[in-house]
Amino acid sequence: MTQVDRHAEMANAIRFLSVDAVENANSGHPGLPMGAADIVTVLFTRFMDFNPKHPHWPDRDRFVLSAGHGSMLLYSLLFLLGYEDIDLDEIKHFRQLGSRTAGHPEYGHAAGIETTTGPLGQGLANAVGMAIAERKLNAEFGGDIVDHRTFCLVGDGCLMEGISQEAITLAGHLRLSKLTVLWDDNNISIDGPVSLADSTDQMARFKASGWNTLRIDGMKPAEIAEALEKAEQSDRPTFIACKTTIGYGAPTKAGTAKAHGSPLGAEEVKGAREALGWDYEPFTVPAEILDAWRIAGLRSAQKYKEWEKRFAELDPELRGEFERRMRGDMPTALNDALEAMKRILGDERPTMATRKSSEAVLEVINGVVAETIGGSADLTGSNNTKTSQTTDITPDDFSGRYIHYGIREHGMAAAMNGIALHRGLVPYGGTFLVFSDYSRPAIRLAALMSIRVIHVLTHDSIGLGEDGPTHQPVEHLASLRTIPNLLVMRPADTMETAECWQIALDHPSTPSALALTRQNLDAVRSEYSPENMCALGAYELAPASGEAQVSVFATGSEVAVALEAREELEAEGISTRVVSVPCFELFAAQSARYRTSIIGSAPVRIAVEAGVCQGWERFIGEDGVFVGMHGFGASGKAEDLFRHFGITSQAVVKAARAKLK
């Protein structure tokens, strides 16, 4: 029998591995795998190019399960196709502590899991980023090396989430023709029928966004295959509405919310086995069916060999460049270029806003790091994310290095995750710090996945001035610092900005957020140092003249405030030191001895930051003084606002005097 002839049995293998795993865990979502099994069986056995024996093949097709709650669909596929990381034992330990088969797919747990999904809509936007990366690398390295497709399975929830609109309109605008989204159109959400909450015409919505749209019966293999063939011929991204039945085969729960998010129960599973003719014990896949799946797992072996041959015949320098970029290594020229810049900065000590400092640093970085791909959420002139090397990417030309994401902060952040996950490119994108709230779910997932994505967050305090409290971040630094594995860096001048960018690029397993000023700042570093001082997280910038009576800790624009206060206090005979604290997270990673030395033993400890105080306790303790924001900002000139809210050198001096009495 051919795979086409065995289709029903192969699809049922997915259904019942999923059902059995959910029953065994007494937790999970059986409905989606039961309903969408036919879709992915056709996709993986007849259309997708992949290689379980070489799962990180750069030119493989990507599959994203945006509806991550249906994770057993993906795990079953990976086991059946022969991916070594997912064996039957992993299937049996679904949702158990330490297993690779987590409740929702987690990037890094097993080969074949292209991204972490679960928060609905994120996977769809990741897939858009992956498709962007493919187009960009195809333009750069040619179709012989990069020419693959991205497939994404979404559910009703993915399409209700607001991020989906940002993602699909960006994809439609860029005409990402190698992107295919398959909608598991089962008309059911947790609460019941989708009609309880939504009546959107999704076909019209995607069509209006520039997509090719197709509607099929998602339970009929011939219709699925025909639609996928049409998608391959489209000059636009393709949206395929696949009408399915959630919990297909379950005698009383199929087509209802009861099949969505909990085990079916023994009687219902027994009835499903009878209805679909699956007369096998739990976790049993007959040899002939497993063999058919394993043969499907080999379907691209010849294509992989042909790709390897073409790759081996590349010019050695180009081949080495491609390999370096796919590994995620930085070019050796980067550190030399940044060191040369730091030497110049040590001599010139420029006065400029750190957003402009960032632009100057990026001009150096983008000149030697070919894989950076920049962008902004419609704030290019404010974020200063564009340099002379980064010409625009357009629907007709992907040779550029700059994406105009439009006013789509969340979509931008999630697409950048997809670009980073694809590998070969290092994405950075800009918006205002206050709008990191829009991006936060994607920033959190980047941290969870340990991927290098760089967020350029400008207008970082009340220092932005007249736009007022709606645009003035107050709680945002503290909020972002609570996300594990995220480097939040707030440089005080151009020297620190250069070092922070170097740190961001040198951390391939950590996303970064650079908080940058709108207002000009004087240089606070007077000399060149070959050491990256910001990499320490905090360091003594100005020592006390004697045994320190006061330690002042500050970040960003407030470092200058701290230095002014030190001058006045020292003039009064009060020994004062200043510590610059560009990154809490890097400081926490230092040795206990170093941290103790930087905190120091001064009886008075003061922190200065134009944000809220949460997090500063580690520096100043419970008895320290915080000079910063205690509420929202206001509309006015920056200099007036700092005086109004008491973030001044005079306030620091007053606080020090009071504590010393």
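Just above, that's the structure.
Calculation rules
The numbering scheme is per chain: residues are counted from 1 as the chain's sequence reads. Confidence filtering applies because this is a predicted model: local features only for residues at pLDDT of at least 70, side-chain atom pairs given and counted only at 80 or more, and all residues used for totals across whole chains, interfaces and linings. Excluding hydrogens and water, the side-chain figures rest on all heavy atoms present in the structure. Only when DSSP finds a minimum of two bridges between them are two strands counted as paired. Think of it this way: any DSSP run of H or I at least four residues long counts as a helix, any run of E at least two long counts as a strand, and we number them from the N terminus. Axis geometry follows a simple rule: fit a line to the C-alpha atoms, using only the stretch in contact for helices, then measure angles between N-to-C directions, giving values from 0 to 180 degrees. For this analysis, a salt bridge means a side-chain nitrogen from Lys or Arg found within 4 Å of a carboxyl oxygen belonging to Asp or Glu. Residue exposure (1.4 Å probe, protein chains only): buried if accessible area is under 20% of the type maximum, exposed if over 50%, otherwise partly exposed. Angles are sorted into four bins: roughly parallel if under 35 degrees, roughly antiparallel if over 145, roughly perpendicular if 65 to 115, and oblique for all others. Handedness of a crossing follows from how the near helix is turned relative to the far one, being left-handed for an anticlockwise turn of less than a right angle and right-handed for a clockwise one. Any two residues whose heavy atoms approach within 4.5 Å are treated as being in contact. Residue polarity follows a fixed list, in which Ala, Val, Leu, Ile, Met, Phe, Trp, Tyr, Cys and Pro are nonpolar, Asp, Glu, Lys and Arg are charged, and the others, Gly among them, are polar.

(A) Examining the sheet that holds strand β14 (residues 512–515) more closely. The six strands are arranged β10-β9-β11-β12-β14-β13 in an open sheet whose pairing can be described as parallel. Of all the strands in the sheet, the pair left with one neighbour each is β10 (402–404) and β13 (487–489). Averaged over all adjacent pairs, the angle separating strand axes in this sheet is 20°, with direction ignored. Note: strand β9 (residues 372–376) against β10, three bridges, orientation parallel. In the strand pairing of β10, Ser376 is matched with His404.

(B) Layout of the pattern of salt bridges. The final tally for this structure, using the stated rule, is 31 salt bridges. Residues Glu558 and Arg490 are paired through a salt bridge, measuring 2.6 Å at the closest nitrogen-oxygen approach. Here the residue Glu558 occupies a position in helix α21 (residues 558–571), and Arg490 occupies one in the loop between β13 and α20 (494–506), the gap between them amounting to 68 residues. The same class applies to Glu558 as to Arg490, namely buried.

(C) Structural view of the packing of helix α5 (residues 122–141) against helix α17 (residues 409–422). Closest axis-to-axis distance for the α5/α17 pair is 6 Å, and the angle between their directions is 55°. Between α5 and α17, the angle is such that the two are oblique. Crossing of α5 against α17: the hand is right-handed. Each of Gln122, Ala125, Asn126, Gly129, Met130, Ile132, Ala133, Glu134 and Leu137 in α5 lies in contact with α17, whose residues at this interface are His410, Ala414, Ala415, Asn417, Gly418, Ile419, Leu421 and His422. Considered class by class, the residues forming the contact of α5 with α17 number nine nonpolar, seven polar and one charged.

(D) Structural view of the environment of Lys637. As for its placement among the helices and strands, Lys637 is situated in the loop between β20 (625–628) and α25 (638–644). For Lys637, a relative accessible area of 45% puts it in the partly exposed group. A sequence separation of 170 residues divides Lys637 from Asp467, and the C-alpha atoms of the two residues are 9.4 Å apart.

(E) Structural detail: helix α3 (residues 71–81). In terms of residue burial, α3 counts as a mostly covered element, since eleven of its eleven residues are buried. Listed in full, the buried residues belonging to α3 are Ser71, Met72, Leu73, Leu74, Tyr75, Ser76, Leu77, Leu78, Phe79, Leu80 and Leu81. Summarising the contacts, the buried residues of α3 are in contact with α1 (7–25), α2 (31–46), β1 (62–65), α4 (88–92), β2 (150–154) and α11 (287–297). Among the residues trailing α3, Gly82 stands out with phi positive, at a value near 100°.

Just distances and angles here, no functional claims.
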